[in-house]
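Here is what each chain is made of, one letter per residue.
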Amino acid sequence: IGFGDELAILDVHILRNLKKLSVIKGVPKSLTRKRYLAIEKKVEGFSREANIPMAHLDLLLWSAGTGRIFK
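In this text, all values refer to a predicted model and were calculated from it rather than measured experimentally. (Residues numbered from 1 in each chain as written. Predicted model: local features only at pLDDT ≥ 70, side-chain atom pairs only at ≥ 80, totals over all residues. Heavy atoms only, no water.)

A word on the side chain of Ser 47. Mapped onto the secondary structure, Ser 47 falls in helix H2 (residues 33–50). The class of Ser 47 is buried, set by a relative accessible area of 4%. Once you skip the residues sitting within four places of it in the chain, Ser 47 turns out to touch Ile 52, Pro 53, Met 54 and Leu 57. (Helix = DSSP H or I, 4+ residues; strand = E, 2+ residues; numbered from the N terminus. Buried < 20%, exposed > 50% of the residue type's maximum accessible area, 1.4 Å probe, protein only. Contact = heavy atoms within 4.5 Å.)

Right under this line is the structure:
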């Protein structure tokens, strides 16, 4: 949405896809600040390894989870 390439919003669609990709072990039932930041670090590492900006990865995972292309 134009706020930068190093931003991802971890919603349930993205969390499910992160689990499928083995970035996280499971989808947490609730997200505390500490848990959110820990998952965000994992996503940051994954995006660096894949050479995909976090914002692009976020959109890709969200679209795969919802079946909709937002942008």
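Positive phi, close to 65 degrees, is recorded for Ser 22, a residue that is not glycine. Note on placement: Ser 22 falls in the loop between helix H1 (12–20) and H2. Note on Ser 22: relative accessible area 64%, which makes it exposed. Within the chain, Asn 51 stands out as a residue other than glycine whose phi angle is a positive 55 degrees.

Turning our eyes to something else, we now look at helix H3 (residues 54–66). Taking 1.5 Å per residue, 13 residues should reach 18 Å; H3 reaches 18 Å between its end C-alpha atoms and fits that length. Looking only at H3, the buried set comprises Met 54, Leu 57, Asp 58, Leu 61, Trp 62 and Ser 63. Check the buried side of H3 and you find it contacts H1 and H2. Positive backbone phi, approximately 80 degrees, marks Gly 67, located one or two places after H3. (Expected span 1.5 Å × (residues − 1).)

Here the focus is the packing of H1 against H3. One can describe the packing of H1 onto H3 by two numbers: an axis separation of 8 Å at closest approach and a directional angle of 95 degrees. With respect to each other, H1 and H3 are oriented roughly perpendicular. Of the residues in H3, those in contact with His 13, Ile 14, Asn 17 and Leu 18 of H1 are Asp 58, Leu 61, Trp 62, Ala 64, Gly 65 and Thr 66. Residue composition of the contact of H1 with H3, grouped by class: five nonpolar, four polar and one charged. (Axes fitted to C-alpha atoms, helices over the stretch in contact; angles between N-to-C directions. Parallel < 35°, antiparallel > 145°, perpendicular 65-115°, else oblique. Nonpolar A, V, L, I, M, F, W, Y, C, P; charged D, E, K, R; others polar.)

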